Every structure is written in structure tokens, then in C-alpha cells.
Number of protein chains: 2
Amino acid sequence: MVDAGVVYIGKKPTMNYVLAVVTHFNDGSREVIVKARGRSISRAVDVAEIVRGRFIPDAEVRDVRIATEKLASEDGPATSVSSIEIVLSK
Amino acid sequence: MVDAGVVYIGKKPTMNYVLAVVTHFNDGSREVIVKARGRSISRAVDVAEIVRGRFIPDAEVRDVRIATEKLASEDGPATSVSSIEIVLSK
């Protein structure tokens, strides 16, 4: 049994990530953190809402944190990208 | 003087919305709520982060709420869309 899981949201279909979150909870996680950057932020919110609405009704959004991350690039200055962390717990 | 402002994020350039939020604060708002739905959610996070990082350093993210909204359509069933509300205050 693990206490917390983390799911990073990328460009795959939304339901892939929903399944990953649900699997974490079913494996015994009490908390799953959904993380995303940039354009994937919208998908992270979709994932959290679908998990709560359709699969794990007793999961609640315990915290939503937004931030800015600096991405180092090989040439030129670092670029900034927005990020989100949605903490789901049950 | 007004106490709270609301900025709805759509498909315009990000800086348009940043300017709208900054204007609310400069007009005396203590709190500005940035709202978005669907694909615009990522842009809402960008707007909040740019306002805090570049324009109003003493603004803080007081709350981030995510939800699901039902959109009624003229024909066929209602569709669901994720939404976000970011509460900035100073």
C-alpha cells in the first residue's frame, strides 16, 4: 500500500490519465496529485473532474496549486511556463 | 471603488486579460476572480501567474476552485465542461 500517487498529464487521451488516477486509488493511495504544465493544464482539470464525477465519488479536491516553472533551454534564455497541481484525496 | 472584479477568459491574446485584471486592481478592487472553461483554463492560469509575477507582486492566489458545468444544447443532451475560478487578492 502506498500513501500518495502522482500522475503527470501529457498529450495522451484524457481517459488514459483518468485510468491512471483511478488505479492509484484502487491500489490503496489515499491521495493522488495530478500535475500538468502549459496547454495540458486544461486536461488536468478534466481528469480530476472526471475521476470525481464518474469513478471515485468520495474523492475530493483537497488543494489546487498554480505556479510558474522556469524551463532551461540549451540556447537562449529560460522560458516560463504555468503549472498546476491538483491534490485529490479520499 | 469596487470590492471585487471578475474577468472571464476567452480566446483573445493572454495579455488582454492580464490588462483587464491589472485594471481592476488599479481601480481599487481588493479581489479579482479569473474564470475560464474548457481549453481556456490553461490561459486563465497564465493570466494569474503573469499578473502576480510581473505586474502586481503583492497579489496572492487566495483560492483556486475547479468544477464541472453543464452546457445545455438546443438539440441532444447537455455536455459537460470543466471550469476554473482563480481568486486573486491583495
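Basis of the calculations
- Residues numbered from 1 in each chain as written.
- Chains lettered and ligands numbered in written order.
- Predicted model: local features only at pLDDT ≥ 70, side-chain atom pairs only at ≥ 80, totals over all residues.
- Heavy atoms only, no water.
- Pairing = 2+ DSSP bridges.
- Helix = DSSP H or I, 4+ residues; strand = E, 2+ residues; numbered from the N terminus.
- Axes fitted to C-alpha atoms, helices over the stretch in contact; angles between N-to-C directions.
- Contact = heavy atoms within 4.5 Å.
- Buried area = accessible area lost by both parts, 1.4 Å probe.
- Salt bridge = Lys/Arg side-chain N within 4 Å of Asp/Glu carboxyl O.
- Polar contact = N/O pair within 3.5 Å; in protein donor to acceptor, adjacent residues only side chain to side chain.
- Nonpolar A, V, L, I, M, F, W, Y, C, P; charged D, E, K, R; others polar.
- Expected span 1.5 Å × (residues − 1).
- Buried < 20%, exposed > 50% of the residue type's maximum accessible area, 1.4 Å probe, protein only.

Undergrad: How should the sheet that holds strand S2 (residues 31-37) of chain A be read in this particular structure?
TA: Either a parallel or an antiparallel arrangement is found when strands of a sheet pair, and the pairing is made through backbone hydrogen bonds. All names here are of chain A. Reading across from one edge, S1-S2-S4-S3 is the order of the 4 strands in this open sheet, with mixed pairing throughout. Edge strands, defined here as strands with exactly one partner in the open sheet, are strand S1 (4-8) and strand S3 (60-71). Within the sheet, the average angular offset between the axes of one strand and its neighbour, ignoring direction, is 20 degrees. Taken together, the 11 bridges between S3 and strand S4 (residues 79-89) define a ladder with antiparallel strand orientation. The residue bridging Arg65 from the neighbouring strand is Glu85, located in S4. Sheet contacts for helix H1 (residues 14-26): S1, S2 and S4; angle to S1, the most-contacted strand, approximately 175 degrees. Running over the sheet, helix H2 (residues 41-55) touches S2, S3 and S4 and is turned about 5 degrees from S4.

Undergrad: What should I look at first to understand the interface of chain A and chain B in this one?
TA: Accessible area lost when the parts come together is the quantity often used to give the size of an interface. Contact with chain A, which involves 20 residues of that partner, is made by 19 residues of chain B. Roughly 1500 Å² is buried in total at the junction of chain A and chain B, and carbon and sulfur atoms are behind 53% of that figure. Counting the contacts that link chain A with chain B gives 2 salt bridges. We note a salt bridge from Asp46(A) to Arg39(B), for which the minimum N-O separation is 2.8 Å. Our enumeration of links across chain A and chain B arrives at 11 residue pairs in polar contact (both at pLDDT 80 or more). Contributions of two or more residues to the side of chain A that touches chain B are made by H2, S3 and S4 of chain A. Top contributing element to the side of chain A that touches chain B by residue count: H2(A), with 8 residues. In terms of residue class, the side of chain A that touches chain B is built from 9 nonpolar, 6 polar and 5 charged.

Undergrad: Before we go on, may I ask you to explain the pattern of salt bridges in this structure?
TA: In a structure, side chains of opposite charge can pair up when their charged atoms sit close to one another. Residue and element names in this part refer to chain A. Under the counting rule described, the total for this entry stands at 14 salt bridges over all chains. Here Lys35 makes a salt bridge to Glu85, at a shortest N to O gap of 3.7 Å. Taken together, the residues span a long stretch of sequence, with Lys35 in strand S2 and Glu85 in strand S4 at a distance of 50 residues. One salt bridge in this structure joins Arg65 and Glu85, with 2.9 Å as the shortest N-O distance. In this pair, Arg65 sits in strand S3 while Glu85 sits in strand S4, placing the two residues 20 residues apart along the sequence. Through salt bridges with shared partners, one network takes in Lys35, Asp63, Arg65 and Glu85.

Undergrad: Would you mind showing me how to read the environment of Ile33(B) here?
TA: Residues and elements named next belong to chain B. Within the fold, Ile33 resides in strand S2 (residues 31-37). As for Ile33 and Gly5, which are separated by 28 residues in sequence, their C-alpha atoms are 6.2 Å apart. Residues contacting Ile33, with those up to four places away along its chain left out, are Gly5, Val6, Val7, Glu85, Ile86 and Val87.

Undergrad: I'm lost on helix H2 (residues 41-55) of chain B in this one. Help?
TA: Given 3.6 residues per turn, any residue in an α-helix points the same way as the ones three and four places further on. The end-to-end C-alpha separation of H2(B) is 21 Å, in line with the 21 Å expected for 15 residues at 1.5 Å each. Within H2(B), 11 of the 15 residues are buried, which leaves the element mostly enclosed by the surrounding structure. Turning to H2(B), its buried residues are Ile41(B), Ser42(B), Arg43(B), Ala44(B), Val45(B), Asp46(B), Val47(B), Ala48(B), Glu49(B), Ile50(B) and Val51(B). Where the residues of H2(B) are buried, they touch H2, S3 and S4 of chain A together with helix H1 (14-26), S2 and strand S4 (79-89) of chain B.

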